[in-house]
Amino acid sequence: MSTFPNIILFAIPFFVISIALEIYVIIKQFKKYDYKDAITSISMGIGNVLLTFFSKAIVLFCFLYIYNNFRLFTIPITWWSFILLLFADDFCYYWFHRISHECRLFWASHVVHHSSQRYNLSTALRQTWSGGFYTFIFWIVLPFLGFHPGMILLQMSVSLIYQFWIHTETINKLPKWFEAIFNTPSHHRVHHGSNPIYLDRNHAGIFIIWDRLFGTFQAELDTEKVKYGLTANINTHNPIKIAFHEWIAMLKDASMEKVSFINRLKYLIKPPGWRHDGSGVNSNDLKNEWLDKEALK
């Protein structure tokens, strides 16, 4: 495993320098920068890195157990296998990311990343404190197919590092060929939008091709400026509240009195906004309402 270093740690100086440069550009253009929000995002990132030391031990154990006992093939560690893994990992990431918006149990950890009403490089560091302990199940298929666990963890880190630079408003749109294949700042701004038309779109990690294939792509519109954050913002800079507010809300809903076992379970697996009495509003409801209003214009 020593062959595959934790490249996230090596990338930290790059993150720091990039954020400093972006702050300079933003201040020069807009004369202000939300330092409090950035500090909150960085605090969430530090917490994520510290907890990763524990969660990665669980992930590595599970991957190694499957690889050593159940793998279908033995994929060699060579240049072409890393190319295969690049696409296989990104495919897994797409479905992890999509389900994290469509299932409340996974949204409870992923909501952390969407909680900022700002969009800059520091936002990329606003990471979950809980997701690392269970979201790895979306990658279980990779060691089962025969990819070495060390390769998988390395590629997952590569994907995370790639996604750092797309959290910015300082880059508008890139050449059309690049926008057609890769995830870009424009595509990911859409993903962080709370505008109804932008909700639950562009789940890509590195390649935007998955969203185009599976019908979740939405281009950034010149007529619809992105509003960042949640549909109901939590308005706090407290890292503890940011990390666990949705867990508390979800468990509170699932433990209400006079609710059947099936409905308690649905509070965990249904999309955010679902209510057992039909009073809830989810992203599709908001989108349909927005489309109806647009049709009347």
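Keep in mind that this is a model prediction, so the values were computed, not measured. Within any chain, residue numbers begin from 1 and follow the written order of that chain's sequence. pLDDT decides what is reported in this predicted model: residues at 70 or higher carry local features, side-chain atom pairs at 80 or more are listed and counted, and totals for whole chains, interfaces and linings draw on all residues regardless. Note that the side-chain values use all heavy atoms of the structure and ignore hydrogens as well as water.

Trainee: Can you help me understand the nonpolar core in this one?
Mentor: A general tendency of soluble globular proteins is for nonpolar side chains to be buried together. Membership of the largest hydrophobic core comes to 24 residues, with the highest contact counts inside it found for Phe63, Leu85, Trp139, Leu142, Phe147 and Ile152. Going through the elements one at a time, helix H2 (35-70), helix H3 (79-102), helix H4 (104-110), helix H6 (149-162) and helix H10 (239-254) are the ones with two or more residues in this core. Labels follow the DSSP assignment, with helices taken as runs of H or I lasting at least four residues and strands as runs of E lasting at least two, numbered in each case from the N terminus. Per-element tally for this core: the top contributor is H3, with 5 residues. The contact criterion used is simple: two residues touch if any of their non-hydrogen atoms lie within 4.5 Å. Not counting the four nearest positions on each side in its chain, Phe63 is found in contact with Phe136, Trp139, Ile140, Pro143, Pro149, Ile152, Leu153 and Met156. In this description, a nonpolar core means a group of buried Ala, Val, Leu, Ile, Met, Phe, Trp, Tyr and Cys residues linked to one another through side-chain atoms lying within 4.5 Å. The buried label goes to any residue with under 20% of its type's maximum accessible area, the exposed label to any with over 50%, and the partly exposed label to all in between, with areas taken from a 1.4 Å probe on protein chains only. Core analysis: the next-biggest nonpolar cluster, separate from the first, contains 11 residues, Ile26, Tyr33, Ala124 and Leu125 among them.

Trainee: Is there a simple way to explain the pattern of salt bridges in this structure?
Mentor: Side chains carrying opposite charge are able to pair once their charged atoms draw close together. Here a salt bridge means any side-chain nitrogen of Lys or Arg lying within 4 Å of a carboxyl oxygen belonging to Asp or Glu. Under the criterion given, the structure shown has 8 salt bridges. Among the salt bridges present, the one from Asp34 reaches Arg118, with a minimum N-O distance of 3.0 Å. Taken as a pair, Asp34 in the loop between helix H1 (7-30) and H2 and Arg118 in the loop between H4 and helix H5 (141-145) lie far apart in primary sequence, 84 residues in all. Under the relative-accessibility criterion, Asp34 is labelled partly exposed at 23%. Between Glu289 and Lys293 there is a salt bridge, with its nearest N and O atoms 3.5 Å apart. Residue Glu289 and its partner Lys293 are located together in helix H12 (residues 283-296), separated by 4 residues, close to a single helical turn. The exposure class of Glu289 is partly exposed, given its relative accessible area of 42%. One connected set of salt bridges, linked through shared partners, spans Arg104, Glu246, Asp253 and Arg275.

Trainee: It is not clear to me how the environment of Ile262 should be interpreted in this structure. Could you clarify?
Mentor: Here Ile262 shows up in helix H11 (residues 261-269). Sequence separation between Ile262 and His276 is 14 residues, and the spatial gap between their C-alpha atoms is 9.7 Å.

Trainee: Would you mind going over the packing of H1 against H6 with me for this structure?
Mentor: The relative placement of two packed helices is expressed as an angle between their axes plus a distance between the axes. Helix axes are fitted to C-alpha atoms over the stretch in contact, other axes to C-alpha atoms as well, and angles between N-to-C directions run from 0 to 180 degrees. Where H1 meets H6, the closest approach of the two axes is 10 Å, and the angle between their N-to-C directions is 15 degrees. It follows that H1 is roughly parallel to H6 by the angle criterion. Helix-helix and strand crossings are classified by hand; for H1 and H6 the assignment is right-handed. Across from Ile7, Ile8, Ala11 and Phe15 in H1, the residues of H6 making contact are Leu154, Ser157, Val158, Leu160 and Ile161. The cut-offs work like this: below 35 degrees is roughly parallel, past 145 is roughly antiparallel, 65 to 115 is roughly perpendicular, and the gaps in between are oblique. Helix crossings fall into two classes, left-handed where the near helix is turned counterclockwise from the far one by less than a right angle and right-handed where it is turned clockwise.

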